[in-house]
Amino acid sequence: MSRIGRLPISLPSGVEVKLEGREVTVKGPKGTLSHTVAEPIEVKQEDGQLVVSRPNDVNKVRGLHGLTRTLINNMVVGVTDGYKKTLVIQGVGYRVVAKGKNVEFSLGYSHPIPFEAPEGITFTVERPTQLVVEGIDKQLVGEIAARIRKLRKPDPYKGKGVRYEGEQIRRKVGKAGK
């Protein structure tokens, strides 16, 4: 049995789960998320917990078991606490400015780069060199943070660029290091 898949998902107070066929909808204080469960996997609600089960031990079904449980748990955490990723901008003249819901980056190019916030994502500019991406959908928060990081990836020689908070960049020596 999958070590992750067999763990029950506890539902905190204020979280409602609706199971309709293959559709699992989680509603909480921060919003609503839904997910369609893959075919052989079953989700049941038992005394304040969600239990994910599988009918057999076929390799594909075993993989879907743990994945489904993790996706549903991420939805429960998202509607209660939410997710956030912090991005740090490093480099002379590199900065981010809030423009209403959206942000605008100056990353050493000849023009500023506007970035629109998709539905369900909020940007918070804590400092001109620090941006927080927040939302209830873990996958969407990670994807938007990755897109922003892709605007100017960290340079291995000087360390300039957009990076995640706490990310270690492997530095290269360069020309003088012969």
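Refer to the structure printed above.
The structure contained in this document is the topic of the report that follows. Every value quoted in this text rests on a predicted model; they were computed, and no experiment measured them. (Residues numbered from 1 in each chain as written. Predicted model: local features only at pLDDT ≥ 70, side-chain atom pairs only at ≥ 80, totals over all residues. Heavy atoms only, no water.)

## Some points on the sheet that holds strand β11 (residues 121-127)
Step number 1: Read from one edge of the open sheet, four strands run β11-β12-β7-β13, paired in antiparallel fashion. The open sheet has two free edges, formed respectively by β11 and β13 (161-164), since each of these has just one partner strand. Averaged over all pairs of adjacent strands, the angle between strand axes in this sheet comes to 25°, irrespective of strand direction.
Step number 2: Taken together, the six bridges between β11 and strand β12 (residues 130-135) define a ladder with antiparallel strand orientation. What sits directly across from T124, in β12, is V132. (Pairing = 2+ DSSP bridges. Helix = DSSP H or I, 4+ residues; strand = E, 2+ residues; numbered from the N terminus. Axes fitted to C-alpha atoms, helices over the stretch in contact; angles between N-to-C directions.)

## Thoughts on the nonpolar core
The tendency in soluble globular proteins is for nonpolar side chains to be buried as a group.
Step number 1: Residues F105, F123, L131, V133 and I148 are the most contacted members of the largest nonpolar core, which totals 20 residues.
Step number 2: Among the elements of the structure, β7 (83-90), β9 (102-106), β10 (113-115), β11, β12 and α2 (138-151) are those that each provide at least two residues to this core.
Step number 3: The greatest single-element share of this core, amounting to four residues, is contributed by α2.
Step number 4: When sequence neighbours within four positions are dropped, the list of residues in contact with L131 reads K85, T86, L87, V96, V103, F105, F123, T124, V125 and I148. (Core = buried A, V, L, I, M, F, W, Y, C linked by side-chain atoms within 4.5 Å. Buried < 20%, exposed > 50% of the residue type's maximum accessible area, 1.4 Å probe, protein only. Contact = heavy atoms within 4.5 Å.)

## Quick notes on the sheet that holds β10
Across a sheet, strands are paired by hydrogen bonds formed along the backbone, either parallel or antiparallel in direction.
Step number 1: Reading across the sheet, the three strands line up as β8-β9-β10 and stay open at both edges, with antiparallel pairing between neighbours. Edge positions in the open sheet fall to β8 (95-99) and β10, since each of these has one partner strand only. Averaged over all adjacent pairs, the angle separating strand axes in this sheet is 25°, with direction ignored.
Step number 2: Here β9 pairs with β10 via three bridges, running antiparallel. Paired with V103 across the bridge in β10 is F115.
Step number 3: Sheet strands touched by α2: β9 and β10. Its angle to β10, the strand with the most contacts, is close to 180°.

In short, geometric facts, not functional conclusions.
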